[in-house]
There are 2 protein chains.
Amino acid sequence: MMSKRVGIREVAAAAGVSVTTVSHSLSGGGQLSDATRERVKSVAEGLNYAPNRLASGLRSKRSQIIGFVSDEISTTPYAGNVLLGAQEAAAANDQVLMVVNSNRNSKVEDRGIEALLQHRVDGIIYARMYHQAVELPAALSGIPTVLLDASSDRTDLSSVVPDEEGAARTAMAHLLQAGHRRIGYLGNIDDIPATRGRLAGYRAALAEQGIAYDESLVTASESMTGPGRDAASRLLALADRPTALFCFNDRIAMGAYQAAHLASLEIPRDLSIVSIDNFEVLADALLPGLTSIALPHYEMGRWAIERLAAELADDADSAPQQIQMPCPLVLRQSVGPPPR
Amino acid sequence: MMSKRVGIREVAAAAGVSVTTVSHSLSGGGQLSDATRERVKSVAEGLNYAPNRLASGLRSKRSQIIGFVSDEISTTPYAGNVLLGAQEAAAANDQVLMVVNSNRNSKVEDRGIEALLQHRVDGIIYARMYHQAVELPAALSGIPTVLLDASSDRTDLSSVVPDEEGAARTAMAHLLQAGHRRIGYLGNIDDIPATRGRLAGYRAALAEQGIAYDESLVTASESMTGPGRDAASRLLALADRPTALFCFNDRIAMGAYQAAHLASLEIPRDLSIVSIDNFEVLADALLPGLTSIALPHYEMGRWAIERLAAELADDADSAPQQIQMPCPLVLRQSVGPPPR
DNA sequence: CAGATCAACAAAAACGTTTTTGGGAATGGG
DNA sequence: CCCATTCCCAAAAACGTTTTTGTTGATCTG
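Residues numbered from 1 in each chain as written. Chains lettered and ligands numbered in written order. Predicted model: local features only at pLDDT ≥ 70, side-chain atom pairs only at ≥ 80, totals over all residues.

A. Local environment of the protein's contact with DNA strand D. The full set close to DNA strand D counts 26 residues, and G7(A), I8(A), S23(A), T21(B) and R59(B) are the nearest of them. Mapped by element, the contributors of at least two residues to the surface near DNA strand D are α1 (8-15), α2 (19-27) and α4 (53-60) of chain A together with α2 (19-27) and α4 (53-60) of chain B. No other element matches the 5 residues that α4(A) contributes to the surface near DNA strand D. Taken together, the residues of the surface near DNA strand D break down into 8 nonpolar, 15 polar and 3 charged. (Near = placed C-beta within 6 Å. Helix = DSSP H or I, 4+ residues; strand = E, 2+ residues; numbered from the N terminus. Nonpolar A, V, L, I, M, F, W, Y, C, P; charged D, E, K, R; others polar.)

Next up, the structure:
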């Protein structure tokens, strides 16, 4: 059982060829007759040979390891999907992920990156757990890197972020199509791309329908349930209250639910709500279920790995790309036609 | 800048010693005078030498990589804390984590483990995202492994799981101390350790106080908000309704909140609630805040890595340990004295 | 048919460390 | 003063691959 992992030389001996030939057979390199190539392969299979990646990486300069550095994997629920998408895409490329977490501490981050470099990762995914603008740490200057849920002003780096404006437009389109004209926006107050993008989407969607932007229907608060509740209560207390609310995220939406309850408004009969995050534990648990736009965590993870792979192969279209990923609407029960 | 990463031989040349001496100086091995050891170290520092882990692992058989295989990193919110704890502990040991995800597919899992082995990980953390009994995959037979949030019947493996019974006792103690005597239990229906452990803790806590176990106060439902709401409604409709509810988890607790609302009971004035999970997005967002027992994800992650390190060093107390980790109570506002 | 080309493989070097083995100078014992 | 230790350190081998360079016999070319 523990018969000392077979190496390339055992395979060579068993197949009656040189180690060179074995290496070439398995990697597809060199010039060998198809006959020997196949024979060697099947012998290797039979001995159930598995390469030592340390050794092969040492010589070939390809470790098949992708570094994954993120700021905080823990505090954003479901952001694990980013990691999942990346990991599955990597596995498909015969690569494996080495993860490092900075906890928002640049010292820790630098140490983590240094560790990745010592292990000779082929490239690095530099990820944030929510969309933000970043400056690339100096330690990453020598190694292929793609940004995930993060953007920078550098055009020589690939990056992927959610299409914030598009997400807002999708949400708004859903409300508009249901017939709503007076739609409030419970916005966020932080200075992050999502704040600007979602508000822009809100305004654009209104403009497209020829609906005037009404500042009194727009709030900005912290992205938490309490502040969301307060903001929603203010809008619902208006004389001509909105018939629908578009919320910056699900936590604020939960606050909106509470505010609706306090105001004795029934969702979606008296008030429709749509939000962004599709944070399932919340969205599914709310009564009625919260219709929400999903952030494409999994897809961004996949994309980042695939982009990195393309750049590492640098055969063809390896020109860096900065893309915005579309965000799908997840229907539940919080949207209906406007009252009356 | 990109001056071709300096290796041990450049350091040797610069310090006027052999590569052997450099290696020994940095690793603390061999017998060298403290003088040269220090001198070499400072030269290495000056050149800002960093080892090539591929090369050192190849020869030394120590890659300093720990494999982390989990069933589903994405679907359980906040379980990323497990990864965080493990990663931070690993970093402290100069190790790095290589993660692989099985998505509950044993084929995928085997392939992932195989990849880890090819990369010559020193050991593996075999993690589940919620406490369950597992059978170790055959692929892990040759390599040091510790189980995380998972238990098996093998005594030669270290493992760490939450102390389910203790968690329940802590929750119950909190309610009992507040004066409650008639405490309902909204249990879970799945056949998992948490189901048995938490119910046992509930019963034990009652027994300790000489309170008879009343079957009519105990329910079992799916761990979701809807079923939790239904179960809670049944208990709250009892003639002699409970003054407090202990919930299997936060989702069920959220259902209990909804049921309380439907029954026009105010929390905590009319009904106290305590639960398990401390799923912050929910617990903080509920009104009033939900007092809940936290599962020690971060701590289990740390412990697993530290245990693995101890077993790898096998100098001293490397005897496998199976431990249950205590679960702390996180106070919020959902518990008060019983009414009247 | 001589020389050039090519196909198919093997030998050897290389990757950057760690480990093993070797060896000279200082120290100690008799 | 000579031999045996001990203390430092260096030379060389080793880790398991990949890459570079060689080698042989066959095929082609003019």
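Having put the structure on the table, let's press on.
B. Region of interest: the relation of the copies chain A and chain B. Aligned on chain B, chain A shows an RMSD of 0.1 Å; the corresponding rotation is 180° and the shift along the axis is 0.0 Å. Such a combination of rotation and displacement between the chain copies is what one expects of a two-fold axis. Interface overlap between copies is the fraction of interface residues in one copy that are interface residues in the other; for chain A against chain B it reaches 95%, indicating a shared surface. (Least-squares fit on C-alpha atoms with pLDDT ≥ 70 in both. Contact = placed C-beta atoms within 7 Å.)

C. The arrangement of the domain arrangement of chain A in detail. One can read the domain layout of chain A as domain 1 (8-50), domain 2 (65-162 + 297-325) and domain 3 (164-294). Using only C-alpha atoms to locate each centre, domain 1 of chain A and domain 3 of chain A end up separated by 62 Å. (Domains from an automatic or database assignment.)

D. Structural view of the sheet that holds strand β4 (residues 145-151) of chain A. Taken in spatial order, the 12 strands make up an open sheet running β11(A)-β5(A)-β4(A)-β3(A)-β1(A)-β2(A)-β2(B)-β1(B)-β3(B)-β4(B)-β5(B)-β11(B), and their pairing is mixed. Either end of the sheet is taken by a strand with one partner, and the two such strands are β11 (322-325) of chain A together with β11 (322-325) of chain B. On average, each strand axis in the sheet is tilted by 25° relative to the strand beside it, whichever way the strands run. As paired elements, strand β5 (residues 158-162) of chain B and β11(B) share 4 bridges and run parallel to each other. The residue bridging V160(B) from the neighbouring strand is I323(B), located in β11(B). Set on the sheet, helix α6 (residues 106-118) of chain A makes contact with β1 (65-70), β2 (96-101) and β3 (123-133) of chain A together with β2 (96-101) of chain B; between it and β2(A) the angle comes to about 160°. (Pairing = 2+ DSSP bridges. Axes fitted to C-alpha atoms, helices over the stretch in contact; angles between N-to-C directions.)

E. Highlighting the protein's contact with DNA strand C. By nearness alone, 27 residues border DNA strand C, and S18(A), T21(A), G7(B), I8(B) and S23(B) come closest of all. Listing elements by their share of the surface near DNA strand C, those giving two or more residues are α2 and α4 of chain A together with α1 (8-15), α2 and α4 of chain B. In terms of residue class, the surface near DNA strand C is made up of 8 nonpolar, 16 polar and 3 charged.

F. A look at the sheet that holds strand β6 (residues 183-188) of chain B. Residues and elements named next belong to chain B. One open sheet accounts for 6 strands, arranged β7-β6-β8-β9-β10-β12; its pairing is mixed. With partners counted over all chains shown, the strands left at the sheet margins are β7 (218-221) and β12 (329-330), one partner each. Bridge analysis of strand β8 (residues 244-247) against strand β9 (residues 272-277) gives 3 bridges, and the strand direction is parallel. Residue pairing for β9: A244 is matched across the bridge by S272. Along the sheet, helix α7 (residues 164-177) makes contact with β6, β8, β9, β10 (291-294) and β12, crossing β9 at roughly 160°.

G. Up close: the packing of α2(A) against helix α3 (residues 34-46) of chain A. Residue and element names in this part refer to chain A. At a minimum axis distance of 9 Å, the contact between α2 and α3 shows a crossing angle of 90°. The angle between the axes of α2 and α3 places the two elements in the roughly perpendicular class. Two secondary-structure elements touch here, α2 through T21, V22, S25 and L26 and α3 through T36, R37, V40, K41 and A44. Among the residues making up the contact of α2 with α3, the classes are represented as 4 nonpolar, 3 polar and 2 charged. (Parallel < 35°, antiparallel > 145°, perpendicular 65-115°, else oblique.)

H. Main features of the UniProt feature "domain: HTH lacI-type" (unreviewed entry) in chain A. Summarizing the sequence annotation, UniProt attributes the feature "domain: HTH lacI-type" (unreviewed entry) to residues 6-60 of chain A in the numbering used throughout. End C-alpha atoms of residues 6-60 of chain A are separated by 20 Å, and the span's content is 69% helix alongside 0% strand. (UniProt positions renumbered as here; feature names shortened; annotations may be inferred.)

I. Fine view of α2(B). Residues and elements named next belong to chain B. Looking only at α2, the buried set comprises T21, V22 and S25. Axial view of α2: buried residues confined to an arc of 100°, hence all on one face. Against the buried residues of α2 lie α1 and α3 (34-46). (Buried ≥ 20, exposed ≤ 12 C-beta atoms within 10 Å, placed from the backbone. Arc of directions from axis to C-beta.)

J. Structural detail: the environment of R182(A). Checked against the element boundaries, R182(A) lands in the loop between α7 (164-177) and β6 (183-188). According to the C-beta neighbour criterion, R182(A) is partly exposed, with 14 such atoms within 10 Å.

K. Focus on the nonpolar core. In terms of nonpolar packing, the biggest core is built from 172 residues, with I125(A) and I125(B) touching the most fellow members. The contacts of I125(B), once residues within four sequence positions are left out, are I66(B), F68(B), A86(B), V146(B), L148(B), A304(B), I305(B) and L308(B). (Core = buried A, V, L, I, M, F, W, Y, C linked by C-beta atoms within 7 Å.)

L. Quick peek at the packing of helix α9 (residues 225-236) of chain B against helix α10 (residues 250-262) of chain B. Residues and elements named next belong to chain B. Contact pair α9 / α10: the axes reach a minimum separation of 7 Å and the direction vectors enclose 50°. Viewed along their axes, α9 and α10 adopt a mutual orientation that is oblique. Where α9 crosses over α10, the handedness of that crossing is right-handed. Every residue of α10 that contacts α9 at T225, G226, P227, G228, R229, A232, S233 and L236 is listed here: R251, I252, A253, M254, G255, A256, Q258, A259, A260 and L262. Grouping the constituent residues of the contact of α9 with α10 by class yields 10 nonpolar, 6 polar and 2 charged. (Left-handed = near helix turned anticlockwise from the far one by under 90°.)

M. Highlighting helix α9 (residues 225-236) of chain A. For α9(A), spanning 12 residues, the distance from its first C-alpha to its last is 16 Å, which sits close to the expected 16 Å at 1.5 Å a residue. When we look at burial in α9(A), the residues that qualify are T225(A), G228(A), R229(A), A231(A), A232(A), L235(A) and L236(A). (Expected span 1.5 Å × (residues − 1).)

N. Quick look at the interface of chain A and chain B. In this assembly, 44 residues from chain A lie in contact with 42 residues from chain B. If you list the elements that add at least two residues to the side of chain A that touches chain B, you get α4, α5 (80-92), β2, α6, α10 (250-262) and α11 (280-285) of chain A. Among the residues making up the side of chain A that touches chain B, the classes are represented as 25 nonpolar, 14 polar and 5 charged. Looking at chain direction, β2(A) and β2(B) are connected through 3 bridges and run antiparallel. What sits directly across from V99(A), in β2(B), is L97(B).

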